[in-house]
Amino acid sequence: MTIQDNFSLKKHNTFGIEAKARQFVAVHSVEELKTVLQQNLNEKKFILGGGSNMLLTQDINALVIHVDLKGKKVLKEDDDFVWVESMAGENWHEFVLWTIDQNFGGLENMSLIPGNVGTTPVQNIGAYGTEIKDTFVSCEAMQITTQEMKTFSKEACHFGYRESVFKHEAKDQFVITSVVFKLTKRNHKINTSYGDITKELEKQNVVTPTLKDVSNAVIAIRQSKLPDPKELGNSGSFFKNPIISKTDFEKVHALHPEIPHYIVSETEVKVPAGWLIEQAGFKGKRFGDAGIHKNQALVLVNYGNATGQEILKVSKDIQAAILKEFGITIEAEVNVI
């Protein structure tokens, strides 16, 4: 392990923002992680995974520890289910494709989400009707100050919509080192009801979809709407879809009867943030090198040399416009640093 000074993070964040780490080190095993934490007890630390869910608005005056733990294995199985463990540094999409190749079901709707496995429980990532919590069993995490390992059960993670204990009570206290998922081996629950999956399968002439068919459909949809971070800097969906009270929704609906929505409960309604942003006239707009993607209003992009501050300003302008026009507050899904 080599600790490097004044290290560029441009290639370590999917927005492609130029920012410097005061110090940087990559760890490739739990032992290396423990050693780095022990040897730098009094240093301020910043834990970095795949860099896919953050907007760097400044240099990081800390020791940046890049978690690059690799490996995946089957822990146990029975006739119906398999328990699979993935180390935190595995690329999420590659891990999903691996599970599909093994005919393990449950993650296919979350194909092509950027980032690494270790950060998936933090956000309780989700797409097309599924979330991490649906297949999550537990995760192992190292306590930063004591280097003790702790197992977080599904219940202990307090999962919510893009929420978990790691964004609240346990924030900045642990480094997730591995995650265990319980997946199906047979009688897969194929979920094609959300978004455009059914339409995409019809386009591909698929009548009885397999796990791979669903994954391919999701990939095709995402590629048609979302830019590849390697070609155009972005962090996927920048904003959460707001969940508002039924009373507030009825007020908005009266003024905008065409507003798409999803019933969450008897008292709550989810509204697509992308639709709100598009209605407010931001889709495809560009402000210098910062902008909103032409195909998906939820995605803010870096056209080349935008700073994090410039992208942050665009996001705040969008939030202010949505609040003014619809009376709805939309929150960033991306961590602003």
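Data block above holds the structure.
Residues numbered from 1 in each chain as written. Predicted model: local features only at pLDDT ≥ 70, side-chain atom pairs only at ≥ 80, totals over all residues. Heavy atoms only, no water.

## Side note on helix H1 (residues 30–39)
Burial in H1 covers these residues: Leu33, Val36 and Leu37. All buried residues of H1 fall inside an arc of 95° around its axis, so they share one side. Residues of H1 that are exposed and point more than 90 degrees away from the buried face comprise Glu31 and Gln39. Where H1 is buried, its residues contact strand E2 (20–27), strand E3 (45–48), strand E5 (60–67), strand E10 (136–143) and strand E12 (174–184). (Buried < 20%, exposed > 50% of the residue type's maximum accessible area, 1.4 Å probe, protein only. Helix = DSSP H or I, 4+ residues; strand = E, 2+ residues; numbered from the N terminus. Arc of directions from axis to C-beta. Contact = heavy atoms within 4.5 Å.)

## Some words on the nonpolar core
Taken as a class, soluble globular proteins show a tendency for nonpolar side chains to be buried jointly. Of all hydrophobic cores here, the largest spans 43 residues; its most connected members are Leu9, Leu276, Ile277, Ile311, Ile318 and Ile330. Listed by contribution, the elements that provide at least two residues to this core are E2, E3, strand E4 (54–55), E5, helix H6 (246–255), helix H7 (273–279), strand E18 (290–292) and helix H8 (308–326). If one sorts the elements of this core by residue count, H8 sits on top with six residues. Discounting chain neighbours no more than four positions away, the residues touching leucine 276 are Pro242, Ile259, Val271, Ile322, Phe326, Ile328 and Ile330. By size, the runner-up hydrophobic cluster in this structure holds 37 residues, among which are Val96, Ile113, Ile176 and Phe181. (Core = buried A, V, L, I, M, F, W, Y, C linked by side-chain atoms within 4.5 Å.)

## Observations concerning the pairing of E2
Sheet topology places strand E1 (residues 4–8) next to E2; four bridges connect them, and they run antiparallel. Across the sheet, serine 8 pairs through a bridge with lysine 20, a residue of E2. (Pairing = 2+ DSSP bridges.)

## Some points on the layout of surface pockets
Approximately 980 Å³ is the volume attributed to the second largest pocket. Those elements giving two or more residues to the lining of the second largest pocket turn out to be helix H5 (211–225) and strand E13 (233–234). Split by residue class, the lining of the second largest pocket holds nine nonpolar, 19 polar and eight charged. (1 Å grid on protein atoms, 1.4 Å probe; cavity = no way out; pocket = protein on both sides within 12 Å on 5 of 7 lines; lining within 4 Å. Points joined across faces, edges and corners; volume = space filled by probe spheres on them. Nonpolar A, V, L, I, M, F, W, Y, C, P; charged D, E, K, R; others polar.)

## Structural notes on the packing of helix H2 (residues 92–101) against H5
At a minimum axis distance of 10 Å, the contact between H2 and H5 shows a crossing angle of 155°. In terms of axis orientation, H2 runs roughly antiparallel to H5. In this structure, H2 meets H5 at a crossing whose hand is left-handed. Packed against H2, whose contacting residues are His93, Leu97 and Ile100, the element H5 presents Leu211, Lys212, Ser215 and Ile219 at the interface. (Axes fitted to C-alpha atoms, helices over the stretch in contact; angles between N-to-C directions. Parallel < 35°, antiparallel > 145°, perpendicular 65-115°, else oblique. Left-handed = near helix turned anticlockwise from the far one by under 90°.)

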